[in-house]
Amino acid sequence: QMFFNLIVNSLIIFFTSFAVASICIPLVIKLAIKKRLLGEYGEGRHVHKGYVPRLGGVAVFAGFFFGQLYFIITHSYNEHLSQPYFLLLFSSLLLFLLGTLDDLVDIKASLKFYIQLLVALILATNADVRIFSFYGLFGLEELPVSFSYIFSIIVIVFFINAYNLIDGIDSLSSSVGMYVLLCFGAVFLYNEAYTDSLIAFSVFGSLLGFWMYNKPPAKIFMGDSGTLSMGLLMAYFAIKTCNLPLDNEGSLNPVFAMVVLVYPVIDTLRVFTKRIIKGVSPFTPDKNHIHHLLLELGYDHGKATKIIILFSIVLTVIAYLLRENPTTSFFILVPLIFILSFVPSYLLKRKQKSTS
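Residues numbered from 1 in each chain as written. Predicted model: local features only at pLDDT ≥ 70, side-chain atom pairs only at ≥ 80, totals over all residues. Heavy atoms only, no water.

Asker: Would you mind showing me how to read a nonpolar patch on the surface here?
Answerer: Residues Leu336, Leu340, Val343, Tyr346 and Leu347 make up a contiguous nonpolar surface patch of about 390 Å² in total accessible area. Elements with a contribution of two residues or more to the nonpolar patch: helix 13 (326–341) and helix 14 (343–355). Ranked by residues supplied to the nonpolar patch, first place goes to helix 14 with 3 residues. Structurally, leucine 347 can be placed in helix 14. Assessed through its relative accessible area of 39%, leucine 347 is described here as partly exposed. (Patch = residues over 30% accessible without salt bridge, like charges linked within 9 Å, V, L, I, M, F, W, Y side chains within 5 Å. Areas by Shrake-Rupley, 256 points an atom, 1.4 Å probe, with all protein chains shown as cover. Salt bridge = Lys/Arg side-chain N within 4 Å of Asp/Glu carboxyl O. Helix = DSSP H or I, 4+ residues; strand = E, 2+ residues; numbered from the N terminus. Buried < 20%, exposed > 50% of the residue type's maximum accessible area, 1.4 Å probe, protein only.)

Here is the structure:
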């Protein structure tokens, strides 16, 4: 009965979020064009000719919000509406407002960082959104409490920024987001993690509604209003997945959650390292992302996104097959991910040599 209710409510919440997001997107596009709230996508890390509205996150968050409203109304008399749940809503709303302001009037990177830190602190300390154990990774089990808090806060802030940085080509942020949610949603359903399943399906519905207008050629981009709030939710799902069994044997493997989010993780580490080596701020926008390199290799936006999703699927399958041994999976997957992430730049150098 419980599982049946979970499936029914997941479907209702998915369709509610999808409907609201897809109804709102055309309105947001009209409003953005009318009020000239447009992003110049030839600059920074974006690769678009001319102007494209970048307030898609408003519609994505509206879809998510109405999905949660349905959940609150229908579950107001039971234990699913806990303090951590409301703190998660509060935190995502705070980042949504911060992102919307940033889309309208550029906000200092340092201020954005402090607010992300504040949100991570709220979730780790008051909602217990943290990694409690490494479950045998490097031979480590339960983490010291202070380290668990600090490490979890770093993970949350890192994932928020990692997701924010991939909103650079048509359909990429929405496609990666939906892929991540399918993987984590499946883990939540398998564990009958009621509230988390419903949140995941709500976000998935919102992103699908947005994707319809974000697929090539994109009529709208997510902007910070979407990437910051959705990035926070991805970080929340990743941490929750770290603490849930992946099979009947009760295999727990934090490497699996990291690999599901492999593209934002490796791309961010790569560009941050390159920028720091160059002596510039890691938050300076550029066109050194893997997705930009794929475009330079001659792939269009749609193909580049498909390659990235395929890369994520293959690595996730390997991570799942190695789920019983966290350390082995780490030492096989991390070098593999690292090598694969350098393939596009290697191919590009070869292409440039052959044409020069």
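Having seen the model, we can carry on.
Asker: Would you explain a positive patch on the surface in this entry?
Answerer: A contiguous patch of positive charge, built from Lys274, Lys278, Lys349 and Lys353, is present on the exposed surface. Contributing elements (two or more residues each) for the positive patch: helix 10 (262–278) and helix 14. Structurally, lysine 278 is set in helix 10. (Lys, Arg positive; Asp, Glu negative; His and termini not counted. Charge placed at Lys NZ, Arg CZ, Asp CG, Glu CD.)

Asker: Would you mind showing me how to read the confidence of the model for the chain here?
Answerer: Atomic detail in the predicted coordinates should be set aside for any region of low pLDDT. Overall, the predicted model of the chain reaches an average pLDDT of 91, with 96% of residues at or above 70. Counted against residues more than four places away or in other chains, residues 40–45, with its pLDDT under 50, gives 25 contacts. (pLDDT = per-residue confidence, 0-100. Contact = heavy atoms within 4.5 Å.)

Asker: Looking at this structure, I do not really get the pattern of salt bridges. What am I missing?
Answerer: Should their charged atoms come close, side chains of opposite charge can pair. Evaluation of the coordinates by the stated rule reveals 4 salt bridges. The partner of lysine 112 in a salt bridge is aspartate 102, and the shortest N-O contact between them spans 2.8 Å. Taken together, the positions of lysine 112 in helix 4 (residues 109–126) and aspartate 102 in helix 3 (residues 83–104) put the pair 10 residues apart, joining distant regions of the chain. One network of salt bridges, with partners in common, ties together Asp102, Lys112 and Asp224.

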